[in-house]
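Residues per chain, in single letters:
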Amino acid sequence: MNNINWNNGQLITLEQGATATCNGNLNNGQLYCLYFYNAAQNDADTTVTLVWSNSQPPVTIDVPGTTQNQGLAAICFVDGDETNTVSVSVTNGQPGASVQAFIGSVKMPTDTQGIVNMQLPADGQRHQLEKFTRYYSVPESHWYQVQLQSNVNQFISVQMQEQKATVNVINKMVDPSTNITYAGNCQQYVTVNAVNKQQTSWNIQGNGKQFVWINADSIQDSASATISLQSLSGVYASFDSKR
């Protein structure tokens, strides 16, 4: 059996009979999102089994089939307050299976080989949000606006903070919950924001902590996808109460 050390959350490939384990590296107070892409050269779905507890049953993740590595991701959230270790496996009963996977959070992956990992500047400009892209920012203590845009159907990305995540779906066509699973009770920390239009925007407030944005879609669907971060800071009058 092929056993993979996944302690850095790095991009890996799981094939038939393989197991990857992140042992003790998940932190209390942090939410993690595991991303799975079907890389098999056939159109068959692949089942990934996630073990996160000795007392709770494993989580089954269905990674949708595709050809030429063109499919979108199946994602699974894990709470570091509930476990510090996860392992994912593709069983021997799935010949030809091949799944690319990595762990995303404000911490991970710490090994970013194969991942586009860069700071998102607060310049208000559109920046390409390609497959395997992770943007990060530590906004200052004022308001900002984030905008996502894509002209394809069902484009999916994830915004993460320490113990909070928002799954953003643009041009929603079907229920996105079929691609999202949860280990334990962490669903309470995840919001799904699905819109029936080509862009969505929202405000965030900087507090000295990191925000992360990660693409969860396919190569072709990401070709036109962009993200922007714009500062909304202004000049505010302050009044002395002593007159």
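See the structure above.
Report follows, based on the coordinates. Fair warning: this is a prediction, and the values are worked out from it, not measured in the lab.

1. Overview of the overall build of the protein
For step 1, the next point in the chain: Scanning the protein for helices and strands turns up zero helices and 20 strands.
For step 2, the next point in the chain: C-alpha atoms of the protein, sized along the principal axes, occupy 80 × 40 × 30 Å.
For step 3, the next point in the chain: Counting the 243 residues in the protein, one finds 51% classified as buried.
For step 4, the next point in the chain: When the accessible surface of the protein is totalled, it reaches about 11,400 Å², and 42% of it is carbon and sulfur.
For step 5, the next point in the chain: For the protein, the centre of its 10 positive side-chain charges and the centre of its 16 negative side-chain charges are spaced 14 Å apart.

2. Things to note about the pattern of salt bridges
For step 1, the next point in the chain: If you walk through the whole model with that rule in mind, you get one salt bridge.
For step 2, the next point in the chain: For Glu-162, the salt bridge goes to Lys-209, with nearest N and O atoms at 3.8 Å. One end of the pair, Glu-162, is in the loop between β14 (155-160) and β15 (165-170); the other, Lys-209, is in the loop between β18 (199-205) and β19 (211-215), and 47 residues separate them in sequence.
For step 3, the next point in the chain: Taking relative accessible area as the criterion, Glu-162 reaches 34% and is therefore assigned partly exposed.

3. Some details on the packing of aromatic side chains
For step 1, the next point in the chain: One pass over the structure, following the stated rule, counts five aromatic pairs.
For step 2, the next point in the chain: Arranged with centres 5.2 Å apart and planes meeting at 80°, the rings of Tyr-37 and Phe-132 form a pair that is edge-to-face. Placement of Tyr-37 in strand β4 (residues 31-38) and of Phe-132 in the loop between β11 (127-128) and β12 (133-137) is noted, with a sequence separation of 95 residues between them. Neither Tyr-37 nor Phe-132 differs from the other in exposure class; each is buried.
For step 3, the next point in the chain: Both rings, one in Phe-77 and one in Tyr-182, keep their centres 5.9 Å apart while their planes meet at 20°; by these two values the pair is stacked. Of this pair, Phe-77 sits in strand β7 (residues 74-79) while Tyr-182 is found in strand β16 (residues 180-182), placing the two residues 105 residues apart along the sequence.
For step 4, the next point in the chain: With a relative accessible area of 0%, Phe-77 lands in the buried category.
For step 5, the next point in the chain: Three or more aromatic residues joined by ring pairs make a cluster, and in this case those are Tyr-35, Tyr-37, Phe-102 and Phe-132.
For step 6, the next point in the chain: One residue, Lys-131, lies across the ring of Tyr-37, its end atom 4.3 Å from the ring centre.

Calculation criteria
Residues numbered from 1 in each chain as written. Predicted model: local features only at pLDDT ≥ 70, side-chain atom pairs only at ≥ 80, totals over all residues. Heavy atoms only, no water. Helix = DSSP H or I, 4+ residues; strand = E, 2+ residues; numbered from the N terminus. Buried < 20%, exposed > 50% of the residue type's maximum accessible area, 1.4 Å probe, protein only. Areas by Shrake-Rupley, 256 points an atom, 1.4 Å probe, with all protein chains shown as cover. Lys, Arg positive; Asp, Glu negative; His and termini not counted. Charge placed at Lys NZ, Arg CZ, Asp CG, Glu CD. Salt bridge = Lys/Arg side-chain N within 4 Å of Asp/Glu carboxyl O. Phe/Tyr/Trp six-rings, centres within 6.5 Å; stacked < 30°, edge-to-face > 60°. Lys NZ or Arg CZ within 6 Å of the ring centre and 35° of its normal.

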